[in-house]
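Given next are the chains, with one letter for each unit.
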Amino acid sequence: MEQPTSGAEILTEAYSLITGDRQNDYDHPLEDYSRTVGIFREMTGITLSVEEGILFMICVKFSRFANELQNGLNVPDNLRDAAGYIGCLRMAIEKQRQEQTEVDRIFDQLHKRFKTGEETWG
């Protein structure tokens with residue numbers, strides 16, 4: 001009898017890929033895909049956001065999975081990698097939000113200093 005969670009292990013595999021050695025090798029997904037879309041822009045003249053770059057990679061994996069289904073193949077890394085790219089997308093979005101919050105905090109501090117005429121950081 002098959003376990004009800006059979007196949008779900010691709011999620012833990014994807015998690016291991018995007019948080020383990022690969023992240024150490026390639027940097028956080030936000031930095032990795034910032035480089036990627038920058039190279040793509042230089043090559044094509046087309047500007048993609050980081051999110052669009054990652055979504056493109058998800059499309060590649062879904063296309064390959066569709067080919068699997070059409071040809072009766074079983075290539076588990078396509079769905080695993082798609083799950084990993086979805087995780088990378090979320091990681092990039094969260095890091096952008098954190099960085100924007102930090103920028104907002106700095107600008108708020110500068111604005112307060114400007115209004116009060118402070119000359120030193122307090």
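For the structure itself, look to the data block above.
The structure contained in this document is the topic of the report that follows.

Conventions used here
- Residues numbered from 1 in each chain as written.
- Predicted model: local features only at pLDDT ≥ 70, side-chain atom pairs only at ≥ 80, totals over all residues.
- Heavy atoms only, no water.
- Core = buried A, V, L, I, M, F, W, Y, C linked by side-chain atoms within 4.5 Å.
- Buried < 20%, exposed > 50% of the residue type's maximum accessible area, 1.4 Å probe, protein only.
- Helix = DSSP H or I, 4+ residues; strand = E, 2+ residues; numbered from the N terminus.
- Contact = heavy atoms within 4.5 Å.
- Expected span 1.5 Å × (residues − 1).
- Disulfide = S-S within 2.5 Å.
- Axes fitted to C-alpha atoms, helices over the stretch in contact; angles between N-to-C directions.
- Parallel < 35°, antiparallel > 145°, perpendicular 65-115°, else oblique.
- Left-handed = near helix turned anticlockwise from the far one by under 90°.
- Salt bridge = Lys/Arg side-chain N within 4 Å of Asp/Glu carboxyl O.

Digging into the nonpolar core
Line of reasoning, step 1. In terms of nonpolar packing, the biggest core is built from twelve residues, these being Ile-18, Leu-30, Tyr-33, Val-37, Val-50, Ile-54, Ile-58, Tyr-85, Cys-88, Leu-89, Met-91 and Ala-92.
Line of reasoning, step 2. Mapped onto this core, the elements with two or more residues apiece are helix 3 (29-44), helix 4 (50-71) and helix 5 (77-116).
Line of reasoning, step 3. For Tyr-85, the residues in contact, after removing those within four places along its chain, are Tyr-33, Ile-54, Met-57, Ile-58 and Lys-61.

As for helix 4
Line of reasoning, step 1. Over its 22 residues, helix 4 runs 32 Å from end to end, which matches the ideal 32 Å to within 8%, given 1.5 Å per residue.
Line of reasoning, step 2. Residues of helix 4 that are buried sit in contact with helix 3 and helix 5.
Line of reasoning, step 3. Once helix 4 ends, the next one or two residues include Gly-72, with phi positive near 65 degrees.

A look at the state of the cysteines
Line of reasoning, step 1. Across all of its chains, the model carries zero disulfides by this definition.
Line of reasoning, step 2. Free of any disulfide, Cys-59 has its nearest neighbouring cysteine sulfur in Cys-88, separated by 15 Å.

Brief notes about the packing of helix 4 against helix 5
Line of reasoning, step 1. Following both chains from N to C, one finds helix 4 and helix 5 inclined at 170 degrees, their axes separated by 9 Å at the closest point. It follows that helix 4 is roughly antiparallel to helix 5 by the angle criterion. Where helix 4 crosses over helix 5, the handedness of that crossing is left-handed. Packed against helix 4, whose contacting residues are Val-50, Glu-51, Ile-54, Leu-55, Met-57, Ile-58, Lys-61, Phe-62, Arg-64, Phe-65 and Glu-68, the element helix 5 presents Asp-77, Asn-78, Leu-79, Asp-81, Ala-82, Tyr-85, Ile-86, Cys-88, Leu-89, Ala-92, Ile-93 and Gln-96 at the interface.

Regarding unusual backbone geometry
Line of reasoning, step 1. Even without a glycine there, the phi angle at Asp-27 is positive, about 80 degrees.
Line of reasoning, step 2. Within the fold, Asp-27 resides in the loop between helix 2 (21-26) and helix 3.

Things to note about the pattern of salt bridges
Line of reasoning, step 1. The tally for this structure, following the rule as stated, stands at eight salt bridges.
Line of reasoning, step 2. Here Arg-35 ties to Asp-27 by a salt bridge, and the two come within 2.9 Å at their closest N and O atoms.
Line of reasoning, step 3. Residue classification places Arg-35 among the partly exposed residues on the basis of a relative accessible area of 40%.
Line of reasoning, step 4. Look at Asp-27 and you get partly exposed, because its relative accessible area is 37%.
Line of reasoning, step 5. We note a salt bridge from Asp-81 to Arg-80, for which the minimum N-O separation is 2.9 Å.
Line of reasoning, step 6. The exposure class of Asp-81 is buried, given its relative accessible area of 14%.
Line of reasoning, step 7. Residues joined by salt bridges that share partners form a network here, namely Asp-27, Asp-32 and Arg-35.

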